[in-house]
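Each chain is listed here by its residues.
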Amino acid sequence: MKRGSDQAHPAIAGEQVRFATILFADIVGSTRLLGALDPEDVRDVLDRALRIVKDAIHAMGGLVLRVQGDGVMAVFGFRPAVEDHALRAALAGRQIVEEMRHGLLGIVPSPSVRVGIHSGLVLLRWQENDFGTMLDVVGHAANVAGQVERRAGENGVAISATTLDLIGEACEVHPIEAISISETAAPLTVFDLRQIDMARGDQVNVKGSARHPLIGRETAMAALNDLVGNVARGNGQALAIVGDAGMGKSRLLAETAEVAEAQGARFVTVRGSELTGDVPFGCLAPTMRHLIELLGRDNSDIALEARLTHDEAECLAGLAAGNQTWLSSASPGERRRIAIATARTVLRMVAREMPLVVLADDFQYIDGETQDLLRSLAAAVRLSGLGLVLASRPAPDLFLDDVVEQTIGLGNLSPDQALVLITRIAGERALLPELVEEIANRSAGLPLAVTEFTTAAMLRSVDARQRGDEPLPSRLESLFTLRLDGLEGEAARLAYLCAALGPTISNERLHRIGSALLNNVDEAIARLVEHRILVFDHLSQARFTHQLLQEAAYRTLSRVERRALHASIYAELASDSAVYGPSDATQAELAAHAERADLLSEALRHLWKACGQAVALAAIESIPRLYERACTLADRLGGTEGIRQRARFALLAFDALQQLSQEQVTRPDMEAVARGDFDMGSDQRTIARINMALLDWINGAPRLARGWLDQAEADLAQDFSMPRRVYADITGTYIAYSLAEPDDALDRVRRLTEGLRGGHAAETFGAVVVIPHILALSFGGWYAADLGQTELAQAWIDEALAISYAHQHNYSRLLADLANGFQHYRSGRIDIALDILTKAHDHCLRHRFLGFEPAAVSWLALCLIETGDIAEAQRVLDASIARGNFLRIRTSATYYHYEARTRLALTLGHHEVALDLSAQALAHCRDCGEAMHLHHARVLREEVLLATGTAEPHEREREQAELMQALTELGLVPLQRKLAALQLVPGA
C-alpha cells in the first residue's frame, strides 16, 4: 500500500485546520417561561425553537456541530468550503432572530435567542463518545465566538470585527464593547448587527480599503477611462478584467464607477455571489431595481412603454422583486429566453436616455443564466451603446475573449510598485525600511496582501518586525484556504506535501517523493496546475502560484499532519542521500524536516554538518541562523544532552559570530564549558577559556579576560597544541595592549609571526574565517603605528598584505587593508589612507564583517575630516550610529568612534557636542579598562578644552605635564607630538 493512502494518514481524514466562521445561538428565557410546563411540552417548544435555528443555518450552508440543551453551535465554510462563510453566518443569524422575534413558537411570551459570530482558524475533528462519532471544533476562535455570543442582547446578533471585515456587504452595526481575547492581541470590538443590505445595484463593494492608492494599474485604468469616454459619446464598448483574487478587480470597477459619474454617465452593478450562484437570475434583483430607479417609472409604465409582452411584464416584476415564482409553469428554457429578452430591453431603454455602464463583478460566481445575458449584451454592445465591464477570476470555461473587445489581465505588482504602495499607505507614519522590505517580500506583489500587511503593521507599531510565522490577516487567510478547500483526495495531499517541501521544488524531486506517498502523482500534479495551485517555470521547477498560498496550505495542516508529512519527507530524502549524493538534499534541509518531524537528535546531527560546511566555506552570514536553530533544538531536547549540544555549537560558531559582532550570545554556554560544568574534553575546555577571555576583552573587561587567559595558559603548559597556543597568544596580545603593556603586546606579535612564518603563514587551523598569521601581523601593525614605530608597522603590514592578497581570503584581506590604511593615516599620508580605508569600509559592509565595522568607519571618517569632506564623514558616521555595532564592541574601536564624532563636531563648530562626546570617550576608556586608549582620550579632551576655550591654559599645565610623562613612558610618540603641539606644556 502507498504511504499516501487514507489508511496510512488517518490524521488527514480526521483533523483539518480551517479558517471558518463559528456561530453560537442560545435560547434565552426558556427556564423562566417553560418552568411550569409539562416536560413534553417543554420538549416540543424547545424543538420548535431549535428547528428555527437549525433551518436558518442549513439554509445558508452552515453545518450544525452541536446541540446542547437550548444552545446550538455551527460552523460555516466547511463542507462546503465557501468564500462567503462570514456573510452566510451573518445572514443565518439575522434570519434566526427575525423568526424568533415574530413569535413562531406558539407561546406567549415567546423565548428569545442570542446569537454570536466570530471567524478564525479552528481545528475540526471527528470525536468518538458514548453516543457515536461527532464532528467537533476546537481552537481559540471557537472560544472567542462564545465570548461574542454572551455580549448579544435578546433577539440580537453580536458579531466580531473580524467577521464584519470579511462580510463585504453594507451592514448596519452598532458597537457593543471591546473584549480582550488574549494577553498579547489587541482588544476585539464586538458589534450589534442590525441589518445586512445586499439589495444594491448602485455600488461596488471593494475587498479591502478603497481609500488606499491605486498603484501599478495605470494601463487598466487608461482602458477603463477610454471605455467610459466612448460610452459618453454614444459608442458602446465591452472589456473584461481577469485576475486572481486580491489583484484589485473590484477596486478598478469602483474607480470606473467614479469616472462614469464624473463624466455624466450612470452605472449599474451585477454582482456575483456564491449564495445565488445556483439560482437562475438570482443576482439580478438589485440590478433591475436600480435600472427602474434610473428610468424614474414603475414596472407597469416601463412594460407599457417598452411594449413588453404579458410574460415579459410578469418577468420584469418578478426579477425586480427577487422572487422565483414568475412564469412558474413555463419550461426552464422558455423562462431563460424571456428573462434575457426582458433585461436587455430595460437596459437599452436606460442607455437611450443616459450613457450607461454595466459593471459585472465576480463574474465567476454569477449564475449561468445571468452570464448568458451578459454575454449577449457584450455581443451587441455596439448596437446598444452600452458600456460593459466584466471582472472575473481566471477559469478555464469563461470564454470572455470571444465576446469582449479587450481583456485586461492583472498580475502581481513589481517590487518597486509594492514599495511605493506600502509607503503611500503608511503616509506620514514612516515604517522602518527593514519592515517595509519584509512586507514587500512576504506579499510578493499581491495588492491585497500589501495593503493588509501594511495596515496590520501600522496597527501594531511602526517598528514591529514582520515575521513569516505571523498569522495571515483574516481576509487573506480566508482567500487562500478557500482555494485549497476545493481540492480532494490525492490532489489535496500533494498540495500539502508541496507546502511542506518548500516554495520551489524540482520536478524530479516532486515526482520522486510524490510517487512514494501517492498512487498517481501525475494526475495529482495536473489537478493542482488546473486549479492554479502550482505552476512550473522554464527550469521545470514547481512553485505555488503565490507564496502566501503555500503559507496558507501549511497553516491549515494540523500539528499531527505536519509531523507525519515531514517524517515521510525526511525518510525519503535521507534514504536518497546514498543514491543521489549529499547535494540532492542539503544538511540544512534535512535538519529542517527532521526538526518539524520532532526528530530532534537527527535534526541536530544534520545542523552540525551544515554548520561545519558553512564554517569551511567561510559563509559567516548563514552560521548565526544555523546556530540559533541549533540552540532552539537543544533547548527542546533538554537535559544534559541539550546543554552539551548548545555548547558544541557555540564553540563551532564562535569565530563567525565574532566577525558579525554577535559573539556575546554564546557567553552562558561558553562559560559553562570553561568552568568545566560538564566534560567536553580538555581541548574544548581550553578553547572555551580563551573564548571567554576574548568575550571579556570585547565586552570591556580586559582584567577579567586575563584571568581566563591565565587558566588557558595553565592548560597549555600541561597539553601543548599549536592552534590553541596561537589563539592564546593572539588574545593575549589584545589584552596586553588594552592594559597599557605595549612591550608585551609587541613581543607576543614577534613570537607569533616568527613561529608562523613558512609553512604556517597561511594556515587557518580549521577556522577558515581568519588566517592567524595575518591577524597577528595586522594587529601588530596597528599597535606599532600607534606607537610611532613606522618601519616595524609597515614591515608587518606589507607581509600581511602579501599573504592576504595571495590567498584572496576576504576577512584576512580586510584586516591587512585596515592596518595599512591606519598606518598611512598615522603617518600623515591622508590621501593614500582615504583611498585604502574607503575600500576597506565598503568591503567590511559588503561581507558583513561587523566586528571591525566601528574601527573601519572611524578611521575612514577621521581621514574624511582631514581632507575636508565633512558631509561624507557625517553620512558614514550617521549610518554607523544607526547600525549600532560600536555599542556592542567595548574596545579601542569604540574609542575611535567617539574620537571621529568629536572631531566632526569641532569642525562643524558644535562645541557643546564636542565637549560631551570627548567626555564620553574618556568615560568609555575608564569604564572598559582600556588603559592604553585612556591616554588617547585624555589628549583628545585637552584638544577639545583648548579649542572650545573651556579652561584656562594655566589650569591645564600640571595635568598635561603628567600626561606627557605617561605618554613618554609608554612610547606613544604620535600622541606626544599631538600634546606638544597644543603648546601648553612648559618647555614645549
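Scroll up to find the structure.
Residues numbered from 1 in each chain as written. Predicted model: local features only at pLDDT ≥ 70, side-chain atom pairs only at ≥ 80, totals over all residues. Heavy atoms only, no water.

Re the packing of aromatic side chains
Using the criterion set out here, one finds 16 aromatic pairs in the structure. Taking 6.0 Å as the distance between ring centres and 75 degrees as the angle between the ring planes, the aromatic pair formed by phenylalanine 822 and tyrosine 896 counts as edge-to-face. One end of the pair, phenylalanine 822, is in helix α35 (residues 810-826); the other, tyrosine 896, is in helix α40 (residues 892-907), and 74 residues separate them in sequence. Comparing phenylalanine 822 with tyrosine 896, the two get one shared label, buried. Residue placement shows arginine 335 over the ring face of tryptophan 326; its charged tip is 4.2 Å from the ring centre. A cation sits over an aromatic face here: arginine 648 above tryptophan 608, 3.7 Å from the ring centre. (Phe/Tyr/Trp six-rings, centres within 6.5 Å; stacked < 30°, edge-to-face > 60°. Helix = DSSP H or I, 4+ residues; strand = E, 2+ residues; numbered from the N terminus. Buried < 20%, exposed > 50% of the residue type's maximum accessible area, 1.4 Å probe, protein only. Lys NZ or Arg CZ within 6 Å of the ring centre and 35° of its normal.)

Quick look at the sheet that holds strand β13 (residues 406-409)
Across the sheet, 5 strands lie side by side as β10-β11-β12-β9-β13; this open sheet has parallel pairing. Whereas interior strands pair on both sides, the edge strands pair on one side only; in this sheet they are β10 (266-271) and β13. Between one strand axis and the next, the sheet turns through 15 degrees on average, direction left out of account. Two elements, strand β9 (residues 237-242) and strand β12 (residues 387-392), share 6 bridges in a ladder whose sense is parallel. Across the sheet, valine 242 pairs through a bridge with serine 392, a residue of β12. In this fold helix α9 (residues 285-295) packs onto β10 and β11 (356-361), with an angle of close to 165 degrees to the strand it touches most, β10. (Pairing = 2+ DSSP bridges. Axes fitted to C-alpha atoms, helices over the stretch in contact; angles between N-to-C directions. Contact = heavy atoms within 4.5 Å.)

Examining the side chain of arginine 375
Mapping arginine 375 onto the fold places it in helix α13 (residues 368-379). As a buried residue without a salt bridge, arginine 375 has its nearest oppositely charged side chain in aspartate 372, at a separation of 4.3 Å. Look past the residues within four positions of arginine 375 in its chain and what remains in contact with it is Phe363, Asp397, Leu398 and Val403. (Lys, Arg positive; Asp, Glu negative; His and termini not counted. Salt bridge = Lys/Arg side-chain N within 4 Å of Asp/Glu carboxyl O.)

Some remarks on the pairing of strand β6 (residues 156-160)
Of all 5 residues that make up β6, 5 are buried, and the element is covered over most of its length. Going residue by residue along β6, you find Gly156, Ala158 and Ser160 tucked away on one face and Val157 and Ile159 tucked away on the opposite face as well. Sheet analysis places β6 next to strand β8 (residues 188-197), joined by 3 bridges and oriented antiparallel. When the bridges of β8 are listed, serine 160 appears paired with valine 190.

Describing the sheet that holds strand β14 (residues 504-506)
In space, the 3 strands of this open sheet follow the order β14-β16-β15, with antiparallel pairing throughout. The sheet terminates laterally at β14 and β15 (534-536), the two strands that pair on one side only. In this sheet, adjacent strand axes meet at a mean angle of 30 degrees when their direction is disregarded. Here β14 pairs with strand β16 (residues 541-544) via 3 bridges, running antiparallel.

Overview of the environment of arginine 724
You can see arginine 724 is positioned in helix α31 (residues 722-738). Classification of arginine 724 by relative accessible area gives buried; the value is 10%. Between the C-alpha atoms of arginine 724 and serine 112, which are 612 residues apart in sequence, the distance is 82 Å. In this structure, arginine 724 is in contact with Asp683, Thr686, Ile687, Ile690, Leu716 and Asp719, ignoring residues within four places of it in sequence.

As for the environment of serine 384
For serine 384, the location among the structural elements is in helix α14 (residues 381-384). Accessibility expressed as a relative area gives 13% for serine 384, which makes it buried. Along the primary structure serine 384 and arginine 344 are separated by 40 residues, whereas in three dimensions their C-alpha atoms are 9.2 Å apart. Apart from residues no more than four positions distant in its own chain, serine 384 is found in contact with Arg348 and Ala351.

So, unusual backbone geometry
Where the residue is not glycine, phi is negative for most of them; where a peptide bond is considered, it is trans in most cases. Backbone geometry places phenylalanine 281, a non-glycine residue, at a positive phi of 55 degrees. Among the structural elements, phenylalanine 281 can be located in the loop between β10 and α9. A residue is classified by how much of its surface remains accessible, and phenylalanine 281, at 5% relative accessible area, is buried.

Observations regarding helix α11 (residues 310-321)
Its 12 residues give α11 an end-to-end C-alpha distance of 17 Å, which sits within 8% of 16 Å, the value for a rise of 1.5 Å per residue. Among the residues of α11, those classed as buried are Glu312, Cys315, Leu316, Gly318, Leu319 and Ala320. Where α11 ends, the next residue or the one after it, glycine 322, has phi of about 80 degrees, a positive value. (Expected span 1.5 Å × (residues − 1).)

Looking at helix α27 (residues 639-659)
Side chains that are three or four residues apart share a direction in an α-helix, a result of its 3.6 residues per turn. Helix length check: α27 (21 residues) gives 31 Å between terminal C-alpha atoms against 30 Å at 1.5 Å per residue, within 8%. For α27, the principal kink sits at alanine 653 and spans about 55 degrees. (Bend = angle between axes of the 7 residues up to and from the residue.)

Some points on the pairing of β9
Counting buried positions along β9 gives 6 out of 6 residues, so the element sits mostly inside the fold. Burial along β9 is two-sided: Gln237, Leu239 and Ile241 and Ala238, Ala240 and Val242, pointing in opposite directions, are all buried. Two strands pair when backbone bridges link them, and β9 and β13 are joined in this way by 4 bridges, in the parallel orientation. Residue pairing in the sheet places isoleucine 241 in a bridge with isoleucine 408 of β13.

These figures come from the coordinates and say nothing about function on their own.
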